[in-house]
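This is what each chain is made of:
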Amino acid sequence: MVYTAPNFNIQALDVNSVTEQFQSLSTDDKLGLLWVAYTEIGRSITPAAPGAARLQFAEGLLNQFKNMSQDEQLQAMRDLANKVSTPVTRAYGVFTNNTKLAFWYQLAELMEAGVVIPVPPSYNLSEKANTTLSSLQRLDFNQQITVLRNAVCDMGIDPLA
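Just so you know, these numbers come straight off a predicted model, no measurement behind them.

What counts as what
Residues numbered from 1 in each chain as written. Predicted model: local features only at pLDDT ≥ 70, side-chain atom pairs only at ≥ 80, totals over all residues. Heavy atoms only, no water. Helix = DSSP H or I, 4+ residues; strand = E, 2+ residues; numbered from the N terminus. Buried < 20%, exposed > 50% of the residue type's maximum accessible area, 1.4 Å probe, protein only. Lys, Arg positive; Asp, Glu negative; His and termini not counted. Salt bridge = Lys/Arg side-chain N within 4 Å of Asp/Glu carboxyl O. Polar contact = N/O pair within 3.5 Å; in protein donor to acceptor, adjacent residues only side chain to side chain. Core = buried A, V, L, I, M, F, W, Y, C linked by side-chain atoms within 4.5 Å. Contact = heavy atoms within 4.5 Å. Phe/Tyr/Trp six-rings, centres within 6.5 Å; stacked < 30°, edge-to-face > 60°. 1 Å grid on protein atoms, 1.4 Å probe; cavity = no way out; pocket = protein on both sides within 12 Å on 5 of 7 lines; lining within 4 Å. Points joined across faces, edges and corners; volume = space filled by probe spheres on them. Nonpolar A, V, L, I, M, F, W, Y, C, P; charged D, E, K, R; others polar.

S.K.: Go over the side chain of arginine 149, please, and point to the residues and values.
M.R.: Topologically, arginine 149 is positioned in helix H9 (residues 141–153). Salt bridges are absent for the buried arginine 149, whose nearest opposite-charge side chain, aspartate 140, sits at 11 Å. Only 2.8 Å separates the side chain of arginine 149 from the side chain of asparagine 98, close enough to count as a polar contact.

S.K.: Which residues make up the nonpolar core, and what values do they have?
M.R.: One finds Phe65, Met77, Tyr92, Phe103 and Trp104 to be the most contacted residues of the largest nonpolar core, which totals 46 residues. Mapped by element, the contributors of at least two residues to this core are helix H1 (15–23), helix H2 (27–41), helix H4 (59–67), helix H5 (70–82), helix H6 (87–93), helix H7 (97–112), helix H8 (127–138) and H9. Looking at this core element by element, the count peaks at nine residues for H7. The contacts of methionine 77, once residues within four sequence positions are left out, are Leu31, Phe65, Trp104, Leu107, Met111, Val116 and Ile117.

S.K.: So what's going on with the packing of aromatic side chains? Which residues, and what values?
M.R.: For the structure on display, the rule yields six aromatic pairs. Taken together, a centroid distance of 6.3 Å and an interplanar angle of 40° make the contact between tyrosine 38 and tyrosine 105 tilted. Here the residue tyrosine 38 occupies a position in helix H2, and tyrosine 105 occupies one in helix H7, the gap between them amounting to 67 residues. Take tyrosine 38: its relative accessible area is 3%, and that puts it in the buried class. Ring centres of tyrosine 92 and phenylalanine 103 lie 5.5 Å apart, and the angle between their planes is 65°; on these two criteria the pair is classed as edge-to-face. Of this pair, tyrosine 92 sits in helix H6 while phenylalanine 103 sits in helix H7, and the two are 11 residues apart along the sequence. For tyrosine 92, a relative accessible area of 0% corresponds to the buried category.

S.K.: Give a description of empty space enclosed by the protein that names residues and reports values.
M.R.: In the structure shown here, the tally under the stated rule is one cavity of 30 Å³ or more. Roughly 50 Å³ of volume is contained in the largest cavity. Elements represented by at least two residues in the lining of the largest cavity include exactly H1, H2, H8 and H9. Sort the elements by how many residues they give to the lining of the largest cavity and H2 lands first, with three residues. Across the lining of the largest cavity, the residue classes tally to eight nonpolar, one polar and no charged.

What is shown is where atoms sit, not what they do.
Next up, the structure:
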């Protein structure tokens, strides 16, 4: 007699499905999930981004963030996630995909250092964002990087498009 395991209808996770989960989140959940993802797997993101050496192209925009009030910083991050056309989102839009990935890594570093508005200590991801984080964590490292790259590349406004 052959034993067949029961079918629990587990959805296969792949980069596209996790990217879609991320894209379906609210703006603040996207930002919160990026924060958690960068703090949990972020130490490996910059070395994994081959174009990250071009981060000097993002330095001007990072310096703009440093000079904004905390309310302006939060609004600029929300504008990036919502693709609102502003000088900040248009400047971000011309970055390469790897520079965008490295930009968010650097932004997370500035948040951790207290230079850019930090995530409130009492912040908790929503249930939907936690599900997305769990899906992201079940991917292998290269797939995680691809999902994060997809997420941040879908932000901002490309003024040349």
